[in-house]
Amino acid sequence: MKNGKGILAGVLGLLAAGPAWAEEKTGLHVIQGGPAYFNAGIGAFNAAGVEPGPGHRGNATLPEIDLEYQSASKLFGIGALWGIVANTNGGFMGYTGFYSDVAWDHWVLTPVLGMGGYNQGRGKYLDGTFQFRLELSLAYQLADQSRLGIKIAHISNAYIANEDPGEDEVLLTYALPLSFGDHS
């Protein structure tokens, strides 16, 4: 879980420092308005570095899909999101949380802190239904405001259960702006 603690510290730091960055004149800024986004990703569940305790099955790296809605409404640069991630062994997690978009030129860095319910299916044992989800995405924003990028994510129970085997993901993402959620 050392890796997850580092990711958590980074995500919390970016969310907390985001509004301060917006005041600097460096080109780096937090996106305060804009459209809502529907974000779809495909990638690998249990992609790297996290092993379960002895005797647990379901340790394979599996194909997965991640679908996420990011609201346009933001308070101090922080918005709400809802999503679901599912792998090919029947494991899935529904989650909700908070995100912020930190932009520099056409690049957008999006940290996410979420929580939700995990169903193991025939996949990886994570010792419990309630789990936390951390994400960090880097995307290139195209002229039409759509975004193409890469996302790393981590699911963990943060040791609120007996074990914390954790799980890491790597995904390619495409985010489509939704005009009905525009808060420019």
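Please read all numbers here as calculations on a predicted model, not as lab measurements.

**Concerning the pairing of strand β3 (residues 62-75)**
Taken together, the nine bridges between strand β2 (residues 36-45) and β3 define a ladder with antiparallel strand orientation. Looking at β3, one finds that Ala44 is bridged to Pro63. Here nine bridges tie β3 to strand β4 (residues 78-87), and the two strands are oriented antiparallel to one another. The partner of Leu75 across the bridge, within β4, is Ile78. Taking the residues between adjacent antiparallel strands as the criterion, β3 and β4 are bridged by two residues, where Phe76 takes a positive phi near 55°.

**Thoughts on the pairing of strand β7 (residues 107-119)**
When strand β5 (residues 92-99) meets β7, the two strands line up antiparallel, connected through eight bridges. Across the sheet, the residue bridging to Tyr95 is Gly116, located in β7. Note: strand β6 (residues 102-104) against β7, three bridges, orientation antiparallel. The partner of Val102 across the bridge, within β7, is Leu109. Taken together, β6 and the strand that follows it, β7, pair antiparallel across an intervening segment of two residues, in which Asp105 is found at a positive phi of about 60°.

**Overview of the packing of aromatic side chains**
If you walk through the whole model with that rule in mind, you get three aromatic pairs. Here the aromatic rings of Tyr69 and Trp82 are separated by 6.0 Å at their centres, their planes lie at 25°, and the arrangement is stacked. Taken together, the residues Tyr69 in strand β3 and Trp82 in strand β4 connect sequence positions 13 residues apart. A residue is classified by how much of its surface remains accessible, and Tyr69, at 26% relative accessible area, is partly exposed. With a relative accessible area of 44%, Trp82 lands in the partly exposed category. Of note, Arg133 hangs over the ring of Tyr95, and the distance from its end group to the ring centre comes to 4.8 Å. Stacked on the ring of Tyr37, the Lys or Arg Arg147 has its end atom at 4.2 Å from the ring centre.

The rules behind these values
Residues numbered from 1 in each chain as written. Predicted model: local features only at pLDDT ≥ 70, side-chain atom pairs only at ≥ 80, totals over all residues. Heavy atoms only, no water. Pairing = 2+ DSSP bridges. Helix = DSSP H or I, 4+ residues; strand = E, 2+ residues; numbered from the N terminus. Phe/Tyr/Trp six-rings, centres within 6.5 Å; stacked < 30°, edge-to-face > 60°. Buried < 20%, exposed > 50% of the residue type's maximum accessible area, 1.4 Å probe, protein only. Lys NZ or Arg CZ within 6 Å of the ring centre and 35° of its normal.

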